Amino acid sequence: MRQHYNKKVVYLRPKKKSLKLPIFIALLFIVILLLYFYKALFMNTYTVVNGEISESFSAEGIIIKNEIPVLSPADGKVQLLVKSGERVRVGTPLFIVTTDEKQKQHYQKEMAEIEEKIETLEDSAGSSLIALNLINKSIENTTEKLKEATESGEFDKVKLLKDELERLTNERKKLLESNEANINLLKKQLNQIQEDLSKIEIVTYASDSGIVSLFVDGFEDILVPNRAEKISHAQLQAVSESASKPAIGKNVRANQPVLKIIDNFSWYIALKPEKTLKEGREYYIKINDDEKIKARLIKINEEGIGFFLVNTDLDSLLDSRKVKVEIILGTYSGAMIPKNAIFTDDGGEKGVYIIERGKRRFKPVEPVIEDEYNVIVEGLKQGDKILLK
């Protein structure tokens, strides 16, 4: 007998290829492209601001001041009594020069011993006062007894009381004279030692008022304001090459400059300008990249050395001779943009790409002045948005 089986036939369809990955990649590419164009159009931009740029040049300058060197009176060890930058009056003690250090120590030891003795005697004045009061009381009592004995006719007693009164009086005299004499003698000895000490420990006082500087370079008698205008370019160069800050040692020689006193009212700067300047005009200058100050160009000598008069106190330059000077010729203001905002079109014209209503267009500009990073231009206004490279 034949058996029949019902078999089910299944037909397999080929799988459709997924489009999700290509679509994702395409969308990602479009997003990246849009971000790039957005950044190019909007993110790498700059908003124009108004600013200032100065036209200037730099030169090496030499400071000239009214300076009075103060010399050591003798060979010896120096001890400064003032600091650099300190203002002094006439008669202010400046420094001490000790000619014999060992003898000084010996004198100081003797003085300390004498001062200790004087202090001891002055401290013992209290106990001496008690003894003096007792003697005075005894004198009063004896005087009273002597009066009574005289009135009663006790002449043998009178003689004894007179002898006692004389003894007490002499004792009081000795007590009074003893401490005072000793103290006076010791003070006299102390004064003599102090006088001897002053001969080997010489104090130098200020003969002029001004500001103290410890920078003594040897040009103080050469770079004098009333003769400075005759300085040559070669001399200026020699000063520039030689200017250095010498160190003051512990020991000095006789007539060696120890410090100097500077007139703080006015001072000068000498330099060789690389651009044309006008005598009598005031310029703004910067010294060692510090803040701007006013200076008047009082003279340009035959060798082209310019001399600027400065009436501003600059304590930071007290110990300086050679400085970097920036002379500002003029200051310009206007629309200021970074240098990397300037483009050149196919025709060689300079301009910027200005962004207006989401679009950019090339706009010619005229550079006025520039510094290391920025440029002031004509053709833009504050608030304009431009592209950067």
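**Q** What should I look at first to understand empty space enclosed by the protein in this one?
**A** Any space left empty among the atoms is revealed by the rolling of a water-sized probe across them. The tally for this structure, following the rule as stated, stands at one cavity of 30 Å³ or more. Considered as a void within the structure, the largest cavity measures approximately 130 Å³ in volume. In this structure, the largest cavity is lined by 13 residues; those nearest its centre are K65, I262, W267, L314 and L318. Counting only elements with at least two residues in the lining of the largest cavity, the list comes to β2 (49–71) and β9 (257–271).

**Q** Sorry, what's going on with the confidence of the model for the chain here?
**A** Residues shown with low pLDDT carry predicted positions that ought not to be read at fine detail. For the chain, the average pLDDT comes to 83, and 87% of its residues sit at 70 or higher. When the elements of the chain are averaged for pLDDT, helix α1 (residues 20–43) gives the smallest value, 70, and strand β5 (residues 93–98) the largest, 95.

**Q** Would you mind showing me how to read the nonpolar core here?
**A** Within soluble globular proteins, side chains that are nonpolar tend to cluster in buried spots. I269, L277, I285, I287, F308 and I327 are the most contacted members of the largest nonpolar core, which totals 20 residues. Every element with two or more residues in this core is listed here: β2, β9, β10 (282–287), β11 (292–300), β12 (306–310) and β13 (322–338). The dominant element in this core, judged by the number of residues it contributes, is β13, at four residues. Sequence-distant contacts of I285, defined by excluding residues within four places in its chain, comprise I269, E291, K292, I293, A295, V310, V325, E326 and I327.

**Q** Quick question: what am I supposed to make of the sheet that holds β5 here?
**A** To summarise the sheet geometry, strands pair through backbone hydrogen bonds and adopt either a parallel or an antiparallel arrangement. Taken together, the four strands give an open sheet; going across it, the order is β6-β5-β3-β8, and neighbouring strands pair in antiparallel fashion. Every other strand in the sheet has two partners, leaving β6 (201–205) and β8 (251–252) as the edge strands with one partner each. Across two bridges, the pairing between strand β3 (residues 76–80) and β8 is antiparallel. In the sheet register, K77 faces β8, and the bridge partner there is N251.

**Q** Any chance you could explain the pairing of strand β18 (residues 374–378) here in plain terms?
**A** One face of the sheet, then the other: side chains in a regular strand alternate in exactly this way. Bridge count for β13 against β18 is four bridges, and the pairing is antiparallel. Paired with A335 across the bridge in β18 is V377. Bridge analysis of strand β17 (residues 366–370) against β18 gives four bridges, and the strand direction is antiparallel. Of the residues in β18, the one forming a bridge with P367 is V377. Remark: three residues form the turn of the hairpin made by β17 and β18, two consecutive strands paired antiparallel.

**Q** Would you mind going over the side chain of K104 with me for this structure?
**A** Mapping K104 onto the fold places it in helix α2 (residues 101–123). On the basis of relative accessible area, K104 is assigned to the buried category, the value being 11%. Filtering out sequence-adjacent residues up to four positions away, K104 remains in contact with T98, L197, I200 and E201.

Reading guide: rules and limits
Residues numbered from 1 in each chain as written. Predicted model: local features only at pLDDT ≥ 70, side-chain atom pairs only at ≥ 80, totals over all residues. Heavy atoms only, no water. 1 Å grid on protein atoms, 1.4 Å probe; cavity = no way out; pocket = protein on both sides within 12 Å on 5 of 7 lines; lining within 4 Å. Points joined across faces, edges and corners; volume = space filled by probe spheres on them. Helix = DSSP H or I, 4+ residues; strand = E, 2+ residues; numbered from the N terminus. pLDDT = per-residue confidence, 0-100. Core = buried A, V, L, I, M, F, W, Y, C linked by side-chain atoms within 4.5 Å. Buried < 20%, exposed > 50% of the residue type's maximum accessible area, 1.4 Å probe, protein only. Contact = heavy atoms within 4.5 Å. Pairing = 2+ DSSP bridges.

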